[in-house]
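# Descriptive structure summary
Now for the letters of each chain:
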Amino acid sequence: MKKLFSILFALLLTAGTLAGCGSEDTPETPSEGSGEETAAPAGGEISGDIMIYTSAEDAFISEVCAMFNEKYPEANAQYYRSGTEEVVSKIMAEKMTNSLQADLIMVSDAPTFESLKANDLLQPYDSSELDNIYTEFVDPEHYYYGTFPAAMGIVYNTNLVKEAPTSWLDLLSEDAKANTVMPNPLYSGTAANALMELTRADGLGWDYYQGLYDNEVMVVNGNGGVINSVAAGENAYGIVCDSNALAAAASGSPLAFVYPEEGVPATADPIGITSTTDNLATAQAFLDFMLSEDVQALGRDLIGKAPIRKGMDNPEGSLPVEDRVNLITDAKVLFEAREQDKAQFSEMFGF
């Protein structure tokens, strides 16, 4: 029964994604800059159109594309963005008709990329930036590269909460009852990864999610909805990605973020090159560009992302990768369990 539910849900989600691609989430073409042209690498000329399918924030990915187009005036990077699950549904729908438009894919979690690998949708690439980044977030076969190490933890409203939480279990307290919000694992890739990691963590497991349900947690689509709810005081607590909370706090919202003592589900917004791209040299250049110091600094300063490059400063309030208790299960294991786990969540929460 769970397997049937999962299949039906996937079909409905695919249909919804295709119907909703006409306005807010349609590809955007940033204006080209006027910077000096950079010499093309040995792999070929950096020119022509490329399309990135992504779940990254609009403000960030639009600026990255503009910077790339300025660096390579003969190239034109464009993007389509939505939540991870809807991006993947779009990819799979296009694959069925041999019409995949993406040259690169950049979404939130490694298990999603294992699914893309299993469907022969990616190709390996040995980036020249490999020695400069944290390799624990890189696929051993180099089919995908982490871009910004992120962690799911607890955000809280500093006007409503006087004693900061320290544990995931604090969200099961009476104070947090009907006062906590979380992103939906059926929509958000980071939330799906958190579901899979926390249900495998000692002392938490599926009992923890049952406890959240019993404590009347609110479920919204993505991390942005969590931030909006907690910042407005609609809920005092939230489960959210650290970068979203830190960026909002830096902008003046009454928010603080906690890395719970049991550990944090860790993702890194991987990026990979599609197996169907017809502009390989430019796609490779974009992947390298995403790992460059300029783009890593942009992600840190604009949206509170921790850099994947070694030796760079972290955003204020963000723990360095080496100082976190990172919950990282083998991506292949999570990939194999992903649909079953989402189906179990859906049944538990009534979606």
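Overview of the structure. Just so it is clear, the model here is predicted, and its values are computed rather than measured.

Moving on, we come to the pairing of strand β6 (residues 180-183). Where burial is concerned, the two faces of β6 agree: the one with T180 and M182 and the one with V181 and P183 are both buried. With 2 bridges connecting them, β6 and strand β8 (residues 237-241) associate as parallel partners. Considered in β8, the bridge of T180 is made with Y237. Examined bridge by bridge, β6 and strand β7 (residues 218-220) share 3 bridges and lie parallel to one another.

Take the pattern of salt bridges next. Inspection of the entire model under this criterion finds 14 salt bridges. Taking the shortest distance from any N to any O, the salt bridge between E141 and K117 comes out at 2.8 Å. Taken as a pair, E141 in the loop between β4 (122-123) and β5 (150-157) and K117 in helix α4 (residues 110-118) lie far apart in primary sequence, 24 residues in all. The exposure class of E141 is partly exposed, given its relative accessible area of 47%.

Counted under the stated rule, the structure contains 14 aromatic pairs. Look at F68 and Y72: their rings are 4.9 Å apart centre to centre, the planes differ by 50°, and that puts the pair in the tilted class. With respect to burial, F68 and Y72 carry one shared label: buried. Put simply, the rings of W168, W206, Y208, Y209, Y213, F345, F349 and F351 touch in pairs and so form one group of aromatic residues.

Cut-offs and rules
- Residues numbered from 1 in each chain as written.
- Predicted model: local features only at pLDDT ≥ 70, side-chain atom pairs only at ≥ 80, totals over all residues.
- Heavy atoms only, no water.
- Buried < 20%, exposed > 50% of the residue type's maximum accessible area, 1.4 Å probe, protein only.
- Helix = DSSP H or I, 4+ residues; strand = E, 2+ residues; numbered from the N terminus.
- Pairing = 2+ DSSP bridges.
- Salt bridge = Lys/Arg side-chain N within 4 Å of Asp/Glu carboxyl O.
- Phe/Tyr/Trp six-rings, centres within 6.5 Å; stacked < 30°, edge-to-face > 60°.

Remember that the coordinates give geometry; whether it matters functionally is a separate question.
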